[in-house]
Amino acid sequence: MKENAVIVKSLENQFTVAFYNLENFFDTQNDPHTLDDDFTPDGRKEWTESKFRKKAKKLARTISLIGQDDSTLRPILVGLAEIENKKALNTLLESKSLEGEDYAYVHFNSPDERGIDTALIYHNEHFKVLNSETIPLLISDGNGGRDYTRDILYVHGQLHQEEMHVFVNHWPSRRSGADETNYKRIKAAETVLQKIESLEEDNPNCIIMGDFNDDPNSESIQTLMNSGRFINPMQSLLSPDSGSANYKGEWSLFDQILMSHSFLNYEPDTHSFKKAKVFAPKFLKEWKGKYKGNPFRTFVGKKYLGGYSDHFPVYVILKENH
């Protein structure tokens with residue numbers, strides 16, 4: 001018993017910061033301004049209220065368990081991608097696994113043509129929002145027009161007594177080819193750096209999280225790293241046998257959380273980086289067949305599997321220094 005008490009005590013000052021791509025978490029209403037028609041009861045995916053509620057319940061349970069081995073608390077910050085709107089967010093937070101927690105969120109509608117957005121869930125006891133905004137990602141579609149993609153969500157806040165700048169990203173996909181779309185993700189990295197350089201602080205504490213649609217060694221992520229501002233604790237988590245998503249038998253680690261060098265300090269009233277992980281418990285995985293071990297997703301094409309997401313969440317543990 002004494003040993004358990006010591007373990008619990010050591011976890012009390014540890015906090016989970018996570019990121020999760022929810023795989024097309026749409027409500028069932030048809031939004032005439034976006035391409036969400038597949039995700040309606042009459043659409044190609046036959047997306048009903050029952051399926052929507054089941055998915056919300058599963059995602060809420062997952063979020064409630066991220067970091068459970070490393071902290072006594074539920075996650076205090078969770079960045080999200082592929083969430084449609086406030087109705088989806090409210091349904092998620094009202095689900096049984098999260099309803100007792102004092103969570104709030106920051107969300108803006110983005111110009112993405114499918115209507116999927118990013119958001120930040122935060123725990124009111126631990127994080128205070130000072131201000132928030134969206135940063136438009138202004139890129140061309142290759143034909144002289146604008147490619148309407150997700151904005152970058154920027155939240156300036158206080159984690160306990162320490163000021164933080166949090167960026168939640170869902171960078172342009174590789175759908176037209178990794179090389180062909182590379183410039184879009186490099187532009188996204190440059191856009192984040194421009195914002196950081198505009199902050200009136202010498203060495204701001206930054207957390208840059210998201211589905212970057214690029215691995216740690218990709219040019220876009222290296223654009224961030226070459227600024228000399230960040231550590232990427234996710235670098236070592238990608239291997240031929242593991243990652244946060246799997247496409248055609250190959251693992252990727254598009255989901256990452258980068259942090260300022262300041263998280264390697266141990267001064268009082270600051271937070272220091274402790275560890276980084278992919279959250280991939282058995283219940284989030286396919287349990288048999290040729291896709292065994294892959295993320296247990298909601299759909300493959302239009303076939304409904306009833307799983308969670310085609311991505312595993314990723315997280316870092318921060319220790320509060322006293």
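Nothing here was measured: the structure is a model prediction, and the numbers come from that model. (Residues numbered from 1 in each chain as written. Predicted model: local features only at pLDDT ≥ 70, side-chain atom pairs only at ≥ 80, totals over all residues. Heavy atoms only, no water.)

Comments concerning the overall build of the protein
Of regular secondary structure, the protein possesses five helices and 16 strands. The C-alpha radius of gyration of the protein comes to 19 Å, within 12% of the 20 Å expected for a compact globule of 322 residues. With respect to the principal axes defined by its C-alpha atoms, the protein has extents near 55 × 50 × 40 Å. With 322 residues in all, the protein has 55% of them scored as buried. Considering only intrachain contacts with a sequence separation of at least 6, the fraction spanning at least 24 residues in the protein is 69%. For the protein, the computed accessible surface area is about 15,000 Å², with 47% contributed by carbon and sulfur atoms. When the 39 basic and 48 acidic side-chain charges of the protein are each reduced to a single mean position, those positions are 9 Å apart. (Helix = DSSP H or I, 4+ residues; strand = E, 2+ residues; numbered from the N terminus. Rg over C-alpha atoms; globule rule 2.2 N^0.38 Å. Buried < 20%, exposed > 50% of the residue type's maximum accessible area, 1.4 Å probe, protein only. Contact = heavy atoms within 4.5 Å. Areas by Shrake-Rupley, 256 points an atom, 1.4 Å probe, with all protein chains shown as cover. Lys, Arg positive; Asp, Glu negative; His and termini not counted. Charge placed at Lys NZ, Arg CZ, Asp CG, Glu CD.)

Digging into the nonpolar core
Note on soluble globular proteins: their nonpolar side chains tend to be buried together. Core analysis: the largest hydrophobic core is formed by 34 residues, its most contacted members being Tyr20, Phe25, Leu80, Ile83, Leu92 and Ile121. Secondary structure elements with two or more residues in this core: strand 1 (14-25), helix 2 (49-65), strand 2 (77-83), helix 3 (86-94), strand 4 (117-123) and strand 16 (314-320). Beyond its immediate sequence surroundings of up to four residues, Tyr20 is in contact with Leu59, Thr62, Ile63, Gly79, Leu80, Ala81, Leu284, Tyr308, Ser309, His311, Phe312 and Pro313. Grouped together as the second largest cluster of nonpolar side chains are 31 residues, Leu120, Phe127, Met234 and Phe273 included. (Core = buried A, V, L, I, M, F, W, Y, C linked by side-chain atoms within 4.5 Å.)

Some details on the sheet that holds strand 12 (residues 255-260)
With mixed pairing, six strands are arranged side by side in an open sheet as 5-6-7-8-12-9. The sheet terminates laterally at strand 5 (127-135) and strand 9 (230-231), the two strands that pair on one side only. Where strand 6 (residues 152-159) and strand 7 (residues 162-170) come together, seven bridges link them in antiparallel fashion. The residue bridging His156 from the neighbouring strand is His165, located in strand 7. (Pairing = 2+ DSSP bridges.)

Concerning the pattern of salt bridges
Scanning the model with the defined rule gives twelve salt bridges in all. One salt bridge in this structure joins Lys87 and Glu49, with 3.9 Å as the shortest N-O distance. With Lys87 in helix 3 and Glu49 in helix 2, the pair connects residues that are 38 residues apart, well separated along the chain. Taking relative accessible area as the criterion, Lys87 reaches 29% and is therefore assigned partly exposed. (Salt bridge = Lys/Arg side-chain N within 4 Å of Asp/Glu carboxyl O.)

Considerations on the UniProt feature "domain: Endonuclease/exonuclease/phosphatase" (unreviewed entry) in the protein
The positions UniProt marks with the feature "domain: Endonuclease/exonuclease/phosphatase" (unreviewed entry) are residues 16-319. Between the first and last C-alpha atoms of residues 16-319 the distance is 9 Å; the span itself is 18% helix and 31% strand. (UniProt positions renumbered as here; feature names shortened; annotations may be inferred.)

A short note on unusual backbone geometry
Of note, Glu82 is a non-glycine position whose phi angle comes to about 60 degrees, a positive value. Relative to the helices and strands, Glu82 is located in strand 2.

Let's talk about the sheet that holds strand 13 (residues 271-278)
With mixed pairing, the six strands of this open sheet are ordered in space as 3-4-2-1-16-13. One side of each edge strand has no neighbouring strand; the edge strands of this open sheet are strand 3 (103-107) and strand 13. For this sheet, the mean inter-axis angle between neighbouring strands, taken without regard to orientation, is 20 degrees. By the bridge criterion, six bridges tie strand 2 to strand 4 in an arrangement that is antiparallel. The residue bridging Val78 from the neighbouring strand is Ile121, located in strand 4. Across the sheet, helix 2 is in contact with strand 1 and strand 2; its angle to strand 1 comes to roughly 160 degrees. Strands strand 1, strand 2, strand 3 and strand 4 of the sheet are contacted by helix 3, whose axis makes an angle of about 165 degrees with strand 3. (Axes fitted to C-alpha atoms, helices over the stretch in contact; angles between N-to-C directions.)

Structural notes on the side chain of Ser220
Mapped onto the elements, Ser220 comes out in helix 5 (residues 219-225). Among the residues examined, Ser220 registers a relative accessible area of 0% and is labelled buried. Apart from residues no more than four positions distant in its own chain, Ser220 is found in contact with Trp171, Arg185, Ile186, Ala189 and Asp214.

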